[in-house]
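Coordinate analysis (summary)
Residues per chain are reported as follows:
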Amino acid sequence: MPATLPESRPDFIRVENFSFHYGEKQAIFDIDMAIPEHRVTALIGPSGCGKSTLLRNMNRMNDLIEGVRHEGDIRLNGISLYDPSVEVISLRKRVGMVFQKYNPFAKSIYENVVFSLRVAGRSRKSELDETVERSLKAAALWDEVKDRLHDSAFGLSGGQQQRLCIARAIANQPEILLMDEPCAALDPLATLKIEELITKLSDDYTIVIVTHNMEQATRCSDRTAFLYMGRLIEYGDTLQVFNKPSHPETEAYITGRFS
């Protein structure tokens, strides 16, 4: 974790008594937590505990699934994500997303990064060029690809493809970056590069990451939330959660007694 951190708003993202249902199945129960700005917050817990469901509600991706419903609220800087005045496409520009499996488009490296700008009708070459360089530098990829920007993204290694997906996610300069197990498909060296990148990016973005890797959570995150069976069991500073957990369920999970 970084030694010094910028000032942050401690409730930049506020989850308020939030419950979520897939049809008749309830996946999340009354979660209440405040996620600070310019920090890395890790969501941990066994498979099926609601981590990814909670993450995907932070940019309303679950709206795409038929039959879902929620109670409670999620607020971004005081504004409800579910307020009728909030336009979902605009919301997703403010909240970038990186998925478990790297998923570059069947386009060049350059066109992957500027994709969202072209969709928005922004085609001025100087702006596109600046966005590509800025985003790839922020994703620690520029020096590796600057001489082959117009080659296929599929020619990159897995770790490079994931960093390209991060560059694509931050091209529009969102406020929040959501990461759903971004290292799950990567080897240890590529994982280390992504972890170092996450720490660096938190200077500019509020990051929420889902991970099954306990060591990754301790290395990357400032705060950790432990979810179990759809409920928030414990939430606090990462070192406190891992070194002095307050709940026996948390201790059992982080020590490997159940998974």
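Scroll up for the structure.
1. A closer look at the nonpolar core
One finds L136, I166 and L177 to be the most contacted residues of the largest nonpolar core, which totals 47 residues. Per element, the largest residue contribution to this core is 6 residues, and it comes from helix 6 (residues 158-170).

2. Description of helix 4 (residues 125-138)
Given a rise of 1.5 Å per residue, 14 residues ought to cover 20 Å, and the 20 Å separating the end C-alpha atoms of helix 4 matches this to within 8%. Among all positions in helix 4, only E127, L128, T131, V132, S135 and L136 are buried. Here the buried residues of helix 4 occupy an arc of 145° about the axis, which is enough to place them on one side. Here the buried face of helix 4 lies against helix 3 (109-119), helix 5 (142-145) and helix 6.

3. A look at the sheet that holds strand 1 (residues 13-22)
In space, the 4 strands of this open sheet follow the order 2-1-4-5, with antiparallel pairing throughout. Both edges of this open sheet fall to strand 2 (25-35) and strand 5 (79-80), since each of them pairs with a single strand only. Where strand 1 meets strand 2, 7 bridges bridge the pair, whose relative direction is antiparallel. Following the sheet pairing, V15 is matched in strand 2 by M33.

4. Topic: empty space enclosed by the protein
Enumeration according to the criterion identifies 2 cavities of 30 Å³ or more in this entry. Taken together, M97, V98, F99, K101, Y102, N103, Q162, C165 and R168 make up the lining of the largest cavity. Listed by contribution, the elements that provide at least two residues to the lining of the largest cavity are strand 6 (95-98) and helix 6. No other element matches helix 6, which puts 3 residues into the lining of the largest cavity. Split by residue class, the lining of the largest cavity holds 5 nonpolar, 2 polar and 2 charged. As a volume, the second largest cavity reaches approximately 30 Å³. As for the second largest cavity, its lining consists of I13, M58, I74, R75, L76, L81 and I176.

5. Regarding the sheet that holds strand 10 (residues 231-237)
Taken in spatial order, the 6 strands line up as 6-7-8-3-9-10 in an open sheet, and their pairing is mixed. With partners counted over all chains shown, the strands left at the sheet margins are strand 6 and strand 10, one partner each. With direction set aside, neighbouring strand axes in the sheet form an average angle of 15°. In terms of strand pairing, strand 3 (residues 40-44) meets strand 8 (residues 206-210) through 4 bridges, oriented parallel. What sits directly across from T41, in strand 8, is V208. Sitting on the sheet, helix 7 (residues 188-201) is in contact with strand 3, strand 7 (176-180) and strand 8, with an inclination near 150° to strand 8.

Cut-offs and rules
- Within each chain, residues carry numbers counting from 1 in the order of the written sequence.
- pLDDT decides what is reported in this predicted model: residues at 70 or higher carry local features, side-chain atom pairs at 80 or more are listed and counted, and totals for whole chains, interfaces and linings draw on all residues regardless.
- Values reported for side chains reflect all heavy atoms of the structure, with hydrogen atoms and water molecules removed beforehand.
- Residue types Ala, Val, Leu, Ile, Met, Phe, Trp, Tyr and Cys, when buried and joined through side-chain atoms within 4.5 Å, form a set referred to as a nonpolar core.
- When accessible area is computed with a 1.4 Å probe and restricted to protein chains, residues below 20% of their type maximum are described as buried, those above 50% as exposed, and intermediate ones as partly exposed.
- Only runs of H or I of at least four residues qualify as helices and only runs of E of at least two qualify as strands under DSSP, and these elements are numbered from the N terminus.
- Take the residue count of a helix, subtract one, and multiply by 1.5 Å to get its expected span.
- Here, the arc refers to the directions that run from the helix axis to the C-beta atoms.
- Contacts were defined at the residue level, with two residues in contact if any of their heavy atoms lie within 4.5 Å.
- Strand pairing is assigned whenever DSSP detects at least two bridges linking the two strands.
- Grid points spaced at 1 Å and placed over the protein atoms alone form the basis of the search, with a cavity being a set where a 1.4 Å probe fits but cannot get out and a pocket an open set showing protein on both sides within 12 Å along at least five of seven lines. Lining residues have an atom within 4 Å of a point.
- Grid points are joined across faces, edges and corners, and a volume is the space filled by probe spheres set on the points.
- The classification used treats Ala, Val, Leu, Ile, Met, Phe, Trp, Tyr, Cys and Pro as nonpolar, Asp, Glu, Lys and Arg as charged, and all other residues, Gly among them, as polar.
- Axis angles are defined between N-to-C directions and span 0 to 180 degrees, where every axis is a line fitted to C-alpha atoms and, for a helix, only to the segment in contact.

By themselves, these figures tell us nothing about what the structure is for.
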